[in-house]
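Tertiary structure, described
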Amino acid sequence: MTSPATSSVKTRHFLKDTDLSPAEQAEVLDLAVRLKAAPYSVQPFAADGSGRQTVAIIFDKTSTRTRVSFATGVADMGGNALIINPGEAQIGHKESVEDTAKVLERMVSTIVWRTGAHSGLVAMAENSKVPVINALCDDYHPCQLLADLLAVKEHKGELQGLTMAYLGDAANNMANSYLLAGVTAGMHVRIAGPEGYLPSDGIVAVAQERAAETGGSVLITTDAAEALTGADVVATDTWVSMGQEAEKEARLQLFRKYSVDEAAMAHAADDAVVLHCLPAYRGYEISAGVIDGPQSIVWDEAENRLHAQKALMAWLMHQSGLAVVEGLPPVGGQA
């Protein structure tokens, strides 16, 4: 790794899945494969004069995998992870998001934020000259999908042309990201959930536009069997997300026929693999027999949060002219 040349390269952010073009998504996943094999081979945050070592990782919501994977990934790549826990920052109440961004960009090399409203992330990115990464918001969970696609790539080879079915709460952030990231990879994405819990028309329109570019396709249905039939990849998520605890009993009844259990998997391809972003509630959205069974790649998926996010951070630093990652094409005035 060498120091980047000073240039007017535009800062790149990752706020939603389609912020990466199909070619860029493939480039990040290829870099993730490389980093999984050689964990310390890329050092965008090292103290060699190429950029600041500290990455701000802000949590408005609690976390296990996101916290551990980002903190470990920053350390692996020569940096320091500054963890800001829920309630420890003044963002959005004592100090505006815009002002916070202008302060942080002078002290850190990257801003990672797990928050609620997507609009806050947009405001942060619009006012930051360092990369801003969406570590989860109410509308998208794009870092999770990079890990998921990496796991599928490892087990299935090429992503292009595979059929991926997502069952359950199809109006949540995971369903949106499965739809957008899946078609970006050229997959045929089928989303199944009950009436009133399906992706918005706006998300579907963006997904269809991207699918037309990549050869993928979109199916939105209330019929779980229709989504599952012949699927190469089956995914689900908890039916009761943070903030929905009061709706638990109603949701358990509403989504019951969308459970990924042995009966559901009988509709999928014989060699289908199963994804769940965790935490999982066995006996509800997924059966113990499926998540702990031979078709599950859930633990590879969880590990891949580390490798995919390292690749993403390094790629964004490179694309923003803040570091040079060997093996990636030069950007702007990079040497």
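Refer to the structure presented above.
Let us look at the structure shown here. (Residues numbered from 1 in each chain as written. Predicted model: local features only at pLDDT ≥ 70, side-chain atom pairs only at ≥ 80, totals over all residues. Heavy atoms only, no water.)

**Examining the pairing of strand 3 (residues 110-114)**
Threshold: Working definition: with a 1.4 Å probe on protein chains only, accessible area under 20% of the residue-type maximum means buried, over 50% means exposed, and in between means partly exposed. The helix and strand labels rest on DSSP assignments: H or I over at least four residues marks a helix, E over at least two residues marks a strand, and numbering proceeds from the N terminus. Note on pairing: DSSP must find at least two bridges between two strands before they are called paired. Look down the strands so they point away from you; if going from the first strand over the helix to the second traces a clockwise path, that crossover is right-handed.
By the criterion of burial, strand 3 is predominantly enclosed, with 5 of the 5 residues buried. Here strand 3 shows a buried face lined by Thr110, Val112 and Arg114 and a second buried face lined by Ile111 and Trp113. Summarising the sheet, strand 3 and strand 4 (residues 132-134) pair through 3 bridges and their orientation is parallel. Paired with Trp113 across the strands is Asn134, a residue of strand 4. In this view, the connection linking strand 3 to its parallel neighbour strand 4 by way of helix 4 (residues 118-126) has right-handed handedness.

**Remarks on the pairing of strand 7 (residues 217-221)**
Walk down a regular strand and you will see the side chains alternate between the two sheet faces. As paired elements, strand 6 (residues 188-192) and strand 7 share 5 bridges and run parallel to each other. Its bridge partner lying in strand 7, Arg190 is registered against Leu219. Between strand 6 and its parallel partner strand 7, the chain crosses via helix 7 (residues 201-214), and the hand of that crossover is right-handed.

**Some remarks on the nonpolar core**
Applied cut-off: Each nonpolar core is a collection of buried residues, namely Ala, Val, Leu, Ile, Met, Phe, Trp, Tyr and Cys, held together in the definition by side-chain atoms within 4.5 Å. Note on contacts: a residue pair qualifies if any of its non-hydrogen atoms lie within 4.5 Å across the two residues.
Core analysis: the largest hydrophobic core is formed by 82 residues, its most contacted members being Leu31 and Met187. The contact partners of Met187, leaving out residues within four places of it in the chain, are Leu149, Leu159, Gly161, Leu162, Met164, Gly182, Gly216, Ser217 and Val233. Residues Leu167, Ala192, Tyr258 and Met265 belong to the second largest nonpolar core, which totals 22 residues.

**Quick word on the side chain of Asn176**
Here Asn176 lies in helix 6 (residues 173-184). For Asn176, a relative accessible area of 7% puts it in the buried group. Excluding residues that lie within four positions of it along the chain, Asn176 makes contacts with Asp139, Tyr140, Pro199 and Ile203.

**What to know about the layout of surface pockets**
Quick note on the threshold: Definitions used for this entry: grid spacing 1 Å over protein atoms alone; cavity, a set of points where a 1.4 Å probe fits but cannot get out; pocket, an open set with protein on both sides within 12 Å along at least 5 of 7 lines; lining residue, one with an atom within 4 Å of a point. Grid points are joined across faces, edges and corners, and a volume is the space filled by probe spheres set on the points. Under the grouping applied here, Gly and all other residues not named as nonpolar or charged are polar, the nonpolar ones being Ala, Val, Leu, Ile, Met, Phe, Trp, Tyr, Cys and Pro and the charged ones Asp, Glu, Lys and Arg.
In this structure, the second largest pocket occupies an estimated 190 Å³ of space. Residue lining of the second largest pocket: Pro22, Gln25, Ala26, Leu29, Asp30, Lys153, Glu158, Leu159, Gln160, Thr184 and Ala185, and that is the complete set. A per-class count over the lining of the second largest pocket returns 5 nonpolar, 3 polar and 3 charged.

**Some remarks on the packing of aromatic side chains**
Two aromatic rings are characterised by how far apart their centres lie and by the angle between their planes. Applicable threshold: Stacked, edge-to-face and tilted are the three classes for Phe, Tyr and Trp ring pairs, Trp counted by its six-membered ring, which pair at centre distances within 6.5 Å; planes under 30 degrees apart are stacked, over 60 edge-to-face, the rest tilted.
Considering all chains together, one arrives at 3 aromatic pairs under this definition. Pairing Tyr197 with Phe255 gives two aromatic rings, centres 5.3 Å apart and planes at 80°, and the pair type is edge-to-face. Pair noted here: Tyr197 is in the loop between strand 6 and helix 7 and Phe255 is in the loop between helix 9 (248-254) and helix 10 (262-265), with a separation of 58 residues, a long-range link. Judged by relative accessible area, Tyr197 falls into the partly exposed class, the value being 25%. The exposure class of Phe255 is buried, given its relative accessible area of 0%. Measuring from ring centre to ring centre gives 6.1 Å for Trp239 and Phe255, while their planes differ by 35°; the resulting arrangement is tilted. Of this pair, Trp239 sits in the loop between strand 8 (233-236) and helix 9 while Phe255 sits in the loop between helix 9 and helix 10, and the two are 16 residues apart along the sequence. An aromatic cluster is present here, built from Tyr197, Trp239 and Phe255 joined pairwise through their rings.

**Let's talk about the pattern of salt bridges**
Which entries qualify depends on this criterion: Any Lys or Arg side-chain nitrogen located within 4 Å of an Asp or Glu carboxyl oxygen qualifies as a salt bridge.
Counted under the stated rule, the structure contains 11 salt bridges. Salt-bridge contacts for Asp292 lead to Arg282; the nearest nitrogen and oxygen are separated by 2.9 Å. With Asp292 in the loop between helix 11 (288-291) and helix 12 (298-319) and Arg282 in the loop between strand 9 (273-276) and helix 11, the pair connects residues that are 10 residues apart, well separated along the chain. The class for Arg282 is partly exposed, based on a relative accessible area of 39%.

**With respect to the packing of helix 1 (residues 22-37) against helix 5 (residues 142-156)**
The line we're drawing: Here an axis means a line fitted to C-alpha atoms, over the contact stretch when the element is a helix, while the angle between two N-to-C directions is reported on a 0 to 180 degree scale. With respect to orientation, any angle under 35 degrees is reported as roughly parallel, any angle over 145 as roughly antiparallel, any angle of 65 to 115 as roughly perpendicular, and every other angle as oblique. Whether a crossing is left-handed or right-handed is set by the direction in which the near helix is turned from the far one by less than a right angle, anticlockwise for left-handed and clockwise for right-handed.
Following both chains from N to C, one finds helix 1 and helix 5 inclined at 70°, their axes separated by 10 Å at the closest point. With respect to each other, helix 1 and helix 5 are oriented roughly perpendicular. Where helix 1 crosses over helix 5, the two elements pack in a sense that is right-handed. Two secondary-structure elements touch here, helix 1 through Gln25, Val28, Leu29, Asp30, Ala32, Val33 and Lys36 and helix 5 through Leu146, Leu149, Leu150, Lys153 and Glu154.

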